[in-house]
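Chain residues, written in single-letter form:
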Amino acid sequence: MKRVAPLVVTMVFGWLTLVTYFWPVIAPARYILVELAVIIAAFAAILGTFNVFHVHGTRIFRQRPGWFYSFVLLASMGVVLVIGAWEGVTAMVLGQDAARQGVSGEVMLWLYQYILIPVQASLAALLPFLLAFAAYRTLRMRSASGTVGGALFLITAIIVLLGQVPLFNLTPLRDLREWIIRVPAMAGMRGILLGVGLGITATALRVLMGADRPSSD
Amino acid sequence: MDSSQIAGALLVVALGALIAVLGGIAWTGRRPTLRPLPGLEILRGQQDRAIESGQSLHLSLGTSGIGGGNTAATLAGLAILESLADEAAATDTPPTVTVADPTALVMAQDVLRRAYARQGNMAGYDPRAVRYVAASPLPYAAGVSDILSSEETSANVMAGVFGPEAAFITEEGSKQAVLQAAGAADVAPLAVMYPSVNHLMIGEEMFAASGYMDNLPVHTGSLLAQDIIRWLLAALLFVASAGALLQRLWGGPTL
């Protein structure tokens, strides 16, 4: 029973969800199932929070290398939790929409806008430099086939980047960039996505047929 | 049902039937030779190498979880974890698994726990081997990079859903000179992973992990079914393109 029950539940709900895509009459069943999944995911988020406390609490307690960063993480998490709860309770007392105030209160929005977004944007800005350096290293270190691939990667990246710059009116470069994106890049992308699509469908079918059991016994 | 729904339903039925038939044939003992996939072949024995070097293997499951549109990519990553987990449980050297979705956290912990239970070593199971790093892609990449730089890691394996931020992880892995194998369900992360990763799992290769590493009949059947359908679709696309080209050359109305 312990082995069969999770399998039956997975198969029944999986097939039901799949059938709703081809038979729209019973589509409302899918919405109910999705709502149930969202509720279960919310409980998983609580477990995720405990995991963060568990992992980083141990690191601080045992004074492992980098324990101070763990302390900063847990302290920030605690501060944000307290602020969110405070704004939610205040909104409730004042008769405002509590659920909305909890995540989009004044202080929470300030934290989001002036700390989280700038930090993430700074990190994202490093990406092009990181890739350029990685491509250069690939050219220097890889085998002959890798060198050809690395050279193609670097040349294509330079053409696409320069073709986008409005500084000079380089029409041939812009046309070449357009062609690269529209023809070889699109062809390769479609080929990869075709494989990914088939892989996803086959993985899902194996679960629906009961051949794969991602759930516990 | 409109034409796209009919095509989708036909594809699902054809793929399902092929998996059942080819899985059945493989089950009778007639195992076909699978084409070599270097990205997956190097994963075999990686856990052993991690144990020998006294370091742990890092597996990143990406930013997706269970329940959304990217569930299959997460399941592919979990299949790789399942293959590595038995060796890890037998030798008490758990891999470090990082996730960015709490549903993936629960699933990954369950996969590890089952492996330890199978090996009769439940005392060695530590749920902290699976870490919920962050809820969004960039902080997740930053957190994983920190793990790679500050902890003794023998190899970095990535399988799941990633964005361009995957470059931070692979670049850190490259800096630490660890062996890297990575696959993703999208094209953008594959492009940024390419310069730093030793073995890239492109397209369906990531989803083939269970077939290569576990060698179960149904997985072998599934791989063959995917190959057959892909060749058929490629042939169909070629014929349609050639037909459209010829039609244009002979001056007929374009499709």
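Counting starts from 1 at the beginning of each chain's written sequence and moves along it residue by residue. A letter from A marks each chain and a number from 1 marks each ligand, given out in the order of writing. In keeping with the predicted nature of the model, local features appear solely for residues at pLDDT of at least 70, side-chain atom pairs appear and are counted solely at 80 or more, and the whole-chain, interface and lining totals rest on all residues.

Enquirer: Teacher, can you tell me more about the overall build of chain B here?
Expert: A tally of regular secondary structure across chain B gives 10 helices and 6 strands. Oriented by its inertia axes, the alpha-carbon framework of chain B measures out at about 70 × 45 × 35 Å. Burial is judged by counting other C-beta atoms within 10 Å of a residue's own C-beta: 20 or more means buried, 12 or fewer means exposed, and anything between counts as partly exposed, with every C-beta placed from the backbone. Looking at the 255 residues of chain B, the share that counts as buried comes to 53%. Residue pairs qualify as contacts under a 7 Å threshold applied to their C-beta atoms, which are placed from the backbone. Considering only contacts in chain B between residues 6 or more positions apart, those separated by 24 or more positions represent 71%. Here a strand is any run of E in DSSP of at least two residues, a helix any run of H or I of at least four, and the numbering for each starts at the N terminus.

Enquirer: I would appreciate a short explanation of the pairing of strand E2 (residues 96-99) of chain B in the present structure.
Expert: All names here are of chain B. Residues Thr-96 and Thr-98 of E2 are buried on one face, and the alternating residues Val-97 and Val-99, pointing to the opposite face, are buried as well. Any two strands with at least two DSSP bridges between them are considered paired. Two elements, strand E1 (residues 56-62) and E2, share 3 bridges in a ladder whose sense is parallel. Bridging across to E2, Ser-60 finds its partner in Thr-98. In this fold, the crossover linking E1 to E2 by way of helix H4 (residues 71-91) has right-handed handedness. Inspection of the sheet shows E2 paired to strand E3 (residues 130-132) by 3 bridges, in the parallel sense. Residue Val-97 lies in a different strand from E3, and its bridge partner there is Val-130. Handedness of a crossover is defined as follows: orient the strands so they point away from the viewer, and if the path from the first strand over the helix to the second runs clockwise, the crossover is right-handed. Crossover connection from E2 via helix H5 (residues 102-118) to parallel E3: handedness right-handed.

Enquirer: Explain the interface of chain A and chain B to me, please; I cannot follow it from the model alone.
Expert: As a measure of interface size, the accessible area lost when the parts come together is often cited. The interface of chain A with chain B comprises 46 residues on the first partner and 47 residues on the second. Of all elements in the fold, only helix H2 (27-61), helix H5 (106-125), helix H6 (127-141), helix H7 (144-164) and helix H8 (171-208) of chain A reach the threshold of two or more residues within the side of chain A that touches chain B. Take the side of chain A that touches chain B: its biggest share by element is 16 residues, from H8(A).

Enquirer: Would you take a moment to explain the domain arrangement of chain A for this structure?
Expert: All domain edges in this entry derive from an automatic or database-based domain assignment. Examined at the domain level, chain A breaks down into domain 1 (1-64), domain 2 (65-125) and domain 3 (127-208). Placing a centre on the C-alpha atoms of domain 1 of chain A and another on those of domain 3 of chain A gives a separation of 35 Å.

Enquirer: It is not clear to me how the sheet that holds strand E5 (residues 179-184) of chain B should be interpreted in this structure. Could you clarify?
Expert: Strand pairing in a sheet takes place through backbone hydrogen bonds and is either antiparallel or parallel in direction. Residues and elements named next belong to chain B. Overall, parallel pairing links the 6 strands, which are arranged E3-E2-E1-E4-E5-E6 in an open sheet. For this open sheet the edge positions go to E3 and strand E6 (199-201), each flanked by a neighbour on one side alone. The mean angle between the axes of side-by-side strands here comes to 15°, regardless of whether they run parallel or antiparallel. Axis lines are fitted to C-alpha atoms, over the contacting stretch for helices. Their N-to-C directions set the angle, which ranges from 0 to 180 degrees. Seen against the sheet, helix H3 (residues 46-53) touches E1 and strand E4 (153-161) and runs at an angle of roughly 145° to E4. Relative to E3, H5 is tilted by about 170°, and along the sheet it contacts E1, E2 and E3.

Enquirer: Quick question: what am I supposed to make of the packing of H8(A) against helix H1 (residues 3-27) of chain B here?
Expert: In a packed pair of helices, the relevant descriptors are the angle between the two axes and the axis-to-axis distance. Two elements in contact, H8(A) and H1(B), have axes separated by 10 Å at closest approach and are oriented at 65°. The hand of the H8(A)/H1(B) crossing is right-handed. Along the contact surface, H8(A) presents Thr201(A), Ala202(A), Leu205(A) and Arg206(A), while H1(B) presents Val12(B), Leu15(B), Gly16(B) and Ile19(B). Its residues assigned to classes, the contact of H8(A) with H1(B) comprises 5 nonpolar, 2 polar and 1 charged. Put simply, a crossing is left-handed when the front helix is turned counterclockwise from the back one by less than a right angle, and right-handed when it is turned clockwise. Classes in brief: Ala, Val, Leu, Ile, Met, Phe, Trp, Tyr, Cys and Pro nonpolar; Asp, Glu, Lys and Arg charged; the others, Gly included, polar.

Enquirer: In this structure, what is going on with unusual backbone geometry? I would like to understand it.
Expert: With glycine set apart, most residues show a phi of negative sign, and most peptide bonds adopt trans. The phi torsion at Gln63(A) lies on the positive side, around 50°, for a residue other than glycine. In this structure, Gln63(A) sits in the loop between H2 and helix H3 (67-93). Backbone geometry places Ala177(B), a non-glycine residue, at a positive phi of 55°. Relative to the helices and strands, Ala177(B) resides in the loop between helix H7 (166-175) and E5. A tally of 7 C-beta atoms within 10 Å means that Ala177(B) is categorised as exposed.

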